[in-house]
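Examination of the molecular architecture
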Amino acid sequence: MTLKQIVSSILVCALLGLVLVFVARTQRGSVRIYNTAKQKLMEGKQIFGGMVTTSDPNIYCAMANAGFDFLWIEMQHSPLTYNEVAGMIWACKGAPAIPFIRVPDATEGDIQKAMDIGALGVVVPMVDTVEEAQAAVNYAKYPPLGRRSRGGGQYRALWGEDYRETINDNLVVVVMIETPSGVAIADQIAAVPGVDVVAAAAGDLESFSGYKPSDPQYEALITKIRDDTLKAGKKLAGPQAWRDRQGFSLFWSAYDYQLIRSGAELMLGREPSPVPYPMP
């Protein structure tokens, strides 16, 4: 066989391989989806998450198997370290609740570490600019959709050898609007490609605006976030107390310590103490 024939055979095999990959992907309809929380969102369902503030893997596993769709692991307002959170996620790999991490800020280091230890959801707080929303996407997603670098971590052991090829489709990027300045450009923030969910931060919007939830001006802030988010075709998040509000799809529930107290009170036959909805 001549060199020309060999090269031709290689090219033909390569083209056939590409065709087979294309056909297989077309038959599947999409890449493998293992983020069940995202799958439910894509199907138009509501999803609920419990909030984890402790590094105790037993509490994490109890929460992960309690029926939540995802767990909001709180790293903005807690002393949790990435090493501790990695151990928690690993201790309950395979649990129904999908790990989401609220990182301290939209920085490359924070988001990269959250992804490397296995988060399938990244929650970015205090988003006041389009640039911050873009940074959240860029640092969480691999090229060509972002600029996440490849490195070590337990993500492949958790989610499969095809992680690099599938994570962009499985990731949920949540950006939180918490100030009036963020509300003012909510339409631009929601329109950022790669942002999946916009969260109306109930508590901090009250704190930064000075308006009480009963104030019509507070309600106007929430309404603007809702309208801008839905117009951009994105999902809307808020506290579980808002589950009956029109347009909301993703909800955060009580903190771990609040649920422990309520569970103990029920076991003792007492009326559970009122659990105020968390206000991230």
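Residues numbered from 1 in each chain as written. Predicted model: local features only at pLDDT ≥ 70, side-chain atom pairs only at ≥ 80, totals over all residues. Heavy atoms only, no water.

Observations regarding the overall build of the chain
Filter applied, for reference: To qualify as a helix, a DSSP run of H or I must reach at least 4 residues; to qualify as a strand, a run of E must reach at least 2; elements of each kind are numbered from the N terminus. Exposed residues in this analysis have more than 50% of their type's maximum accessible area, buried residues have under 20%, and partly exposed residues fall in between, with area computed by a 1.4 Å probe over protein chains only. Residue contacts are counted whenever heavy atoms from the two residues lie within 4.5 Å of one another. Method for areas: the Shrake-Rupley scheme with a 1.4 Å probe, in which residue coverage is limited to the protein chains shown.
Scanning the chain from terminus to terminus reveals 13 helices and eight strands. Sorting the 280 residues of the chain into buried and exposed places 47% on the buried side. Counted over contacts in the chain with a minimum sequence separation of 6, partners at least 24 positions apart contribute 64%. Surface summary for the chain: the accessible area is close to 13,500 Å², and the carbon and sulfur share equals 58%.

Here's the deal with the confidence of the model for the chain
Quick reminder of the rule: By definition, pLDDT measures how confident the predictor is in each residue, and it falls between 0 and 100.
In this model, the chain carries an average pLDDT of 90, and 88% of its residues clear a pLDDT of 70 or more. Here residues 10–28 is a poorly scored stretch, pLDDT under 50, and it has two contacts once near neighbours within four places are set aside; other chains count.

Regarding the packing of aromatic side chains
Heads up, the condition is: Pairing of aromatic rings covers Phe, Tyr and Trp, the last counted by its six-membered ring, and requires centre-to-centre distances within 6.5 Å; plane angles under 30 degrees mean stacked, over 60 mean edge-to-face, and any other angle means tilted.
Enumeration according to the criterion identifies eight aromatic pairs in this entry. Summarising the aromatic geometry, the rings of Y142 and Y163 are spaced 6.4 Å apart at their centres and angled 90° between planes, so their arrangement reads as edge-to-face. Linking Y142 in the loop between α6 (130–140) and α7 (155–159) with Y163 in helix α8 (residues 163–170), this pair joins segments that are 21 residues apart in sequence. Owing to a relative accessible area of 1%, Y163 belongs among the buried residues under this scheme. On the numbers, 5.4 Å between centres and 10° between planes, the contact of Y255 with Y257 is stacked. Put simply, the rings of Y142, Y155 and Y163 touch in pairs and so form one group of aromatic residues.

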